[in-house]
Structure formats: C-alpha cells, structure tokens
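# Examining the three-dimensional arrangement
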Amino acid sequence: NAGVMQNPRHLVRRRGQEARLRCSPMKGHSHVYWYRQLPEEGLKFMVYLQKENIIDESGMPKERFSAEFPKEGPSILRIQQVVRGDSAAYFCASSHDPPALSGANVLTFGAGSRLTVL
Amino acid sequence: AQTVTQSQPEMSVQEAETVTLSCTYDTSENNYYLFWYKQPPSRQMILVIRQEAYKQQNATENRFSVNFQKAAKSFSLKISDSQLGDTAMYFCAFLYQGGSEKLVFGKGTKLTVNP
C-alpha cells in the first residue's frame, strides 16, 4: 500500500501561470481532503471531495481555485493565474470513512506539494 | 467557529528528558476529537495521538501522553524520554463530531531535541 501519493513534490510557477496538483488516495479510500499550509502556519482546510462530488468547499478561495475528484484517476487541485500569495505547501489526505464518523484516526496525509510562485 | 491556540512557537529539550507542549481550544460543542500531529522536516503529517472528548481517561501512546482538561479546554502533549527523532513541528488539531469534516489546526510548536 503506497499511501497517499501527491505530485509533484515541488512546483515552480511564474505569476499568471496555472498550477495543477495531483493526489492519489490510499487504495480503498473514497474521501479526499485538501489543506493548505502557509509559511509559519498550521494547515487550513480547503475542500472535501468524494468521487465525482464536492462535499464541502468552504475553505476554497472564491476565485482561481478549483478541485475535482473524478470517477477514475487522481484528485486535482487547480490554481489558475497564480500569485505570490499562493506559495504554500498543499496537503492531501484521504480516508475510507468521513473523519467525523471515524474520528480521523484513519485520515492519512500525503507528503504535500510545495508550490513556489516567482 | 472553533479555534486552536498553541502558545509556544518553539521549545527545546535535552535527549531523554520530558517535555510538555501546550494547546488550548475554543468551542461550544460537546462532542469532538482532539489530535496531535507531528511534522518532521520531511513535511509528512503523522498522527501522534488522539482523544475523544467524551472519554475522561487521558490517551497514551508509548512515550506520548496527553493531559485533557475538558472544562478548561486544554489539551497538552507530554513526550517522555525524548529522542532525537522527536525533533519536528507539532500541531494540535480539533475535529467536531457533529458533521463537519474539517480538522482545525493550531499554528504549531517547533520542538528541538538536543543531544
């Protein structure tokens, strides 16, 4: 079991470009979460998805950010027209059941993708 | 809205000694979970220990234990017999059991274990 796989681990973009971050959940997990970690900060919730559905996107910025978790393939976090303030580590986590049901003890995090915007 | 506060940005401890990291939280809910996560330099988020709010007994995992004071909304982490591999950022986190799927994290405490 390879765990939660995120790629790329490091991504450099210039202002105005697009960033795509991918997350493959653990085998058998159908719940995916994205968190953002700004420098010197804790992780902040962005979005919770199940296959083909966005369940909670209350932490997503209103513009330029979108997420999907298609029936086949990884979950994608897409940031359009990146700005320097988007520079952060983006973490994906997955679980078999919703965390509130399982107590989050089976919430597994990936190693994160670090986005640097020049 | 729930908030989590870690008042110690950095701490250090000598190898083999004991250290306690502080965490307080604010919520009006009664049913929730609390967690401590470790983030070593590799940046991987690793669950250290968790506590269900309805349980009075403090959780323990080997050298890691918590002091959960529900009335005071305090959730500290004690690391006994500190090891060099314990050097990491430690994050306290809150999860409301009533339906929200979001973990709310504190800003973290950077722990350094010195040889």
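All values reported here derive from a predicted model rather than from experimental measurement.

## So, the interface of chain A and chain B
Chain A puts 30 residues into the contact, and the matching count from chain B is 22 residues. Together chain A and chain B conceal approximately 2,000 Å² of surface at their shared face, both sides included; 54% is due to carbon and sulfur atoms. Along the contact surface separating chain A from chain B lie two salt bridges. Residue E41 of chain A pairs with K107 of chain B through a salt bridge whose shortest N-O separation is 3.7 Å.

## Some thoughts on the nonpolar core
In terms of nonpolar packing, the biggest core is built from 25 residues, with Y25, W36, F75, L77 and Y90 of chain B touching the most fellow members. Within the residue set of this core, elements represented by two or more residues are β3 (19–21), β5 (32–39), β6 (46–52), β8 (64–69), β9 (74–79), β10 (88–96) and β12 (109–114) of chain B. Ranked by residues supplied to this core, first place goes to β10 of chain B with four residues. Core analysis: the next-biggest nonpolar cluster, separate from the first, contains 23 residues, A19, A67, F69 and V82 of chain A among them.

## Some remarks on the state of the cysteines
Tallied over the full model, the rule gives two disulfides over all chains. Note on cysteine connectivity: C23 of chain A is disulfide-linked to C92 of chain A, with sulfurs 1.8 Å apart. The chirality of the disulfide connecting C23 of chain A with C92 of chain A is left-handed, given an S-S dihedral of about -55°. Of this pair, C23 of chain A sits in strand β3 (residues 19–24) while C92 of chain A sits in strand β9 (residues 88–95), and the two are 69 residues apart along the sequence. Considered together, C23 of chain A and C92 of chain A belong to a single accessibility category, that of buried residues. C23 of chain B shares a disulfide with C92 of chain B; S-S distance 2.0 Å.

The rules behind the values
Residues numbered from 1 in each chain as written. Chains lettered and ligands numbered in written order. Predicted model: local features only at pLDDT ≥ 70, side-chain atom pairs only at ≥ 80, totals over all residues. Heavy atoms only, no water. Contact = heavy atoms within 4.5 Å. Buried area = accessible area lost by both parts, 1.4 Å probe. Salt bridge = Lys/Arg side-chain N within 4 Å of Asp/Glu carboxyl O. Core = buried A, V, L, I, M, F, W, Y, C linked by side-chain atoms within 4.5 Å. Buried < 20%, exposed > 50% of the residue type's maximum accessible area, 1.4 Å probe, protein only. Helix = DSSP H or I, 4+ residues; strand = E, 2+ residues; numbered from the N terminus. Disulfide = S-S within 2.5 Å.

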